[in-house]
Amino acid sequence: MRKTLILSRKHQKWLGVFLLSLTVSWGVMQLEWSQFKSWGLNSVKAQTLRPEQAAKMIYEKFPDLPKENQYRSAETGEINPEHTLMSRFIRYHRDFKRRSPQYRLDWKVTLADYLGVNQSPRESNYPGSTLETNPLEQDVEVIRQLSRRQRQQLVDLLVEIYNPQSQATPNQPLPEEETEATSEVSTPSTPSLSEPGDAQLLAP
């Protein structure tokens, strides 16, 4: 009888340990699922963000960035203040080129388009057809006037907006100003981002 009682107590001890470990494991799983669910909601929210909303966030961060929102609608003749350079930049990236808004490389490829070292945008594939004057030429000019530091900051902010879970990489030291000679890169005969000049231009 005593032996049976001892065995029973041993079983109770191991059963308690098992239940405790099961409870801890369940708690960890619940925490991980909660974090995953939160990440998923943030990702969905970022993906459904309208370009005009994202552009507003960019201008709040960089108020000196030209808005270029003075163009009139071809249909109504009125000015839409939300039709900004950044909203068009984002629409061109997402809707016309079908590139992911979550990754730095994709945004740098789009910047390369504006800088004339990849696939230069054309009026036919640029979000300005509803305006009396297509803003492409002036938009390209504004982007090309940005310094390397400003372009890097813009890319970092875009990724932060559309991929909230990403870990922003610290910017490498860049010169405050760059001369025309360092920013000019001739367009290669075969568009590529792996040419030495292109890498220097788009380096973080």
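Attention in this report is confined to the structure presented alongside it.

Calculation notes
Residues numbered from 1 in each chain as written. Predicted model: local features only at pLDDT ≥ 70, side-chain atom pairs only at ≥ 80, totals over all residues. Heavy atoms only, no water. Helix = DSSP H or I, 4+ residues; strand = E, 2+ residues; numbered from the N terminus. Buried < 20%, exposed > 50% of the residue type's maximum accessible area, 1.4 Å probe, protein only. Contact = heavy atoms within 4.5 Å. Areas by Shrake-Rupley, 256 points an atom, 1.4 Å probe, with all protein chains shown as cover. Axes fitted to C-alpha atoms, helices over the stretch in contact; angles between N-to-C directions. Parallel < 35°, antiparallel > 145°, perpendicular 65-115°, else oblique. Nonpolar A, V, L, I, M, F, W, Y, C, P; charged D, E, K, R; others polar. Core = buried A, V, L, I, M, F, W, Y, C linked by side-chain atoms within 4.5 Å.

**What to know about the overall build of the protein**
In step 1: Along the backbone of the protein there are eight helices and zero strands.
In step 2: The order of α-helices and β-strands along the protein, N terminus first, is α-α-α-α-α-α-α-α.
In step 3: For the protein, the proportion of its 204 residues judged to be buried stands at 36%.
In step 4: For the protein, long-range pairs separated by at least 24 residues make up 65% of all intrachain contacts whose partners lie at least 6 apart in sequence.
In step 5: Looking at the protein as shown, the accessible area adds up to about 13500 Å², and 55% of this sits on carbon and sulfur atoms.

**Some remarks on the packing of helix α3 (residues 85-96) against helix α5 (residues 136-145)**
In step 1: Relative to each other, α3 and α5 sit at 95°, their axes nearing to 11 Å. In terms of orientation, α3 lies roughly perpendicular with respect to α5. For the pair formed by α3 and α5, the contact residues are Leu85, Met86, Arg88 and Phe89 on the first element and Asp139, Val142 and Ile143 on the second.
In step 2: Considered class by class, the residues forming the contact of α3 with α5 number five nonpolar, no polar and two charged.

**Examining α3**
In step 1: Taking burial as the measure, the 12 residues of α3 include nine buried ones, the bulk of the element.
In step 2: Within α3 the residues assigned to the buried category are Leu85, Met86, Ser87, Arg88, Phe89, Ile90, Tyr92, His93 and Arg94.
In step 3: Looking at the residues trailing α3, positive phi occurs at Arg98, about 55°.

**With respect to the nonpolar core**
In step 1: Within the largest apolar cluster, 27 residues are counted, with the highest numbers of intra-cluster contacts made by Ile58, Met86, Phe89, Trp107, Ile143, Leu158 and Tyr162.
In step 2: Elements supplying a minimum of two residues to this core: α2 (51-61), α3, α4 (104-115), α5 and α6 (148-162).

Purely geometric numbers; function is a separate question.
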